[in-house]
Amino acid sequence: MKRLNWILAAVLAAAIAVPASAQVGIYFRVGPPPVRYEQRTVAPGPGYYWVDGYWAPDGRHYRWVPGHWERAPFEGAYWSHPHYDHEREGWRFHEGHWDHENHDRDRDRDRDRDRDHDRR
């Protein structure tokens with residue numbers, strides 16, 4: 001019994017020591033149902049973007065999240081839709097999120113800044 005408690009304590013300590021930035025993947029054995037077709041409504045105003053509906057994980061099932069209009073949280077943002085990838089372990093869900101429109105532009109800006117810094 002003491003050995004079991006020691007092992008459990010060691011496992012708990014190791015779990016706590018894992019960096020907070022470590023990404024934990026959640027996999028599903030069965031993939032989501034087919035995407036539903038939705039009729040887009042009229043935008044409520046300028047600056048709104050349509051976010052497509054998707055199947056969200058809900059315990060051991062899937063729940064349909066209907067499409068809707070949303071305002072971008074910052075200039076140049078675009079919606080990276082949620083999706084599932086089929087991997088060896090099963091189906092992995094990637095949450096949707098707002099992202100920058102042009103990653104290459106940011107990379108070029110950082111490269112130019114570093115090059116300017118090296119010239120000094």
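Just so you know, these numbers come straight off a predicted model, no measurement behind them. (Residues numbered from 1 in each chain as written. Predicted model: local features only at pLDDT ≥ 70, side-chain atom pairs only at ≥ 80, totals over all residues. Heavy atoms only, no water.)

Draft legend 1. Layout of the pattern of salt bridges. Summed over the entire model, instances satisfying the criterion amount to 2 salt bridges. Across the salt bridge formed by Glu 89 and Arg 88, the nearest N and O atoms sit 3.8 Å from each other. Using a relative accessible area of 44% as the deciding quantity, one classes Glu 89 as partly exposed. Owing to a relative accessible area of 81%, Arg 88 belongs among the exposed residues under this scheme. (Salt bridge = Lys/Arg side-chain N within 4 Å of Asp/Glu carboxyl O. Buried < 20%, exposed > 50% of the residue type's maximum accessible area, 1.4 Å probe, protein only.)

Draft legend 2. Molecular detail of the environment of Tyr 62. Summarising the element assignment, Tyr 62 is placed in strand β4 (residues 61-65). Between the alpha carbons of Tyr 62 and Pro 33 there is a distance of 8.0 Å; along the sequence they are 29 residues apart. A polar atom in the side chain of Tyr 62 sits 2.6 Å from the backbone oxygen of Val 30. (Helix = DSSP H or I, 4+ residues; strand = E, 2+ residues; numbered from the N terminus. Polar contact = N/O pair within 3.5 Å; in protein donor to acceptor, adjacent residues only side chain to side chain.)

Draft legend 3. Broad picture of the nonpolar core. If you look at the biggest cluster of nonpolar residues, it comprises 6 residues: Phe 28, Trp 55, Tyr 62, Trp 64, Tyr 84 and Phe 93. Among all residues touching Tyr 84, those that are not within four sequence positions of it are Phe 28, Pro 32, Trp 55, Ala 56, Pro 57, Tyr 62, Trp 91, Arg 92 and Phe 93. (Core = buried A, V, L, I, M, F, W, Y, C linked by side-chain atoms within 4.5 Å. Contact = heavy atoms within 4.5 Å.)

Draft legend 4. Seen up close, the sheet that holds strand β7 (residues 83-87). With respect to topology, 3 strands assemble into an open sheet ordered β1-β8-β7, the strand pairing being antiparallel. Both outer strands of the open sheet, β1 (27-28) and β7, are each paired with one neighbouring strand and no more. Alignment of β1 against strand β8 (residues 90-94), held across 2 bridges, turns out to be antiparallel. Bridge pairing in β8 links Tyr 27 to Arg 92. (Pairing = 2+ DSSP bridges.)

Draft legend 5. Local environment of the packing of aromatic side chains. Under the definition given, this model contains 8 aromatic pairs. Measuring from ring centre to ring centre gives 6.2 Å for Tyr 49 and Trp 98, while their planes differ by 70 degrees; the resulting arrangement is edge-to-face. Of this pair, Tyr 49 sits in strand β2 (residues 48-51) while Trp 98 sits in strand β9 (residues 97-100), and the two are 49 residues apart along the sequence. When its relative accessible area of 42% is taken as the criterion, Tyr 49 is described as partly exposed. (Phe/Tyr/Trp six-rings, centres within 6.5 Å; stacked < 30°, edge-to-face > 60°.)

Draft legend 6. Representation of the side chain of Asp 99 within the structure. Relative to the helices and strands, Asp 99 resides in strand β9. When near neighbours in sequence (up to four residues on either side) are disregarded, Asp 99 contacts Phe 74, Gly 76, Ala 77 and Tyr 78.

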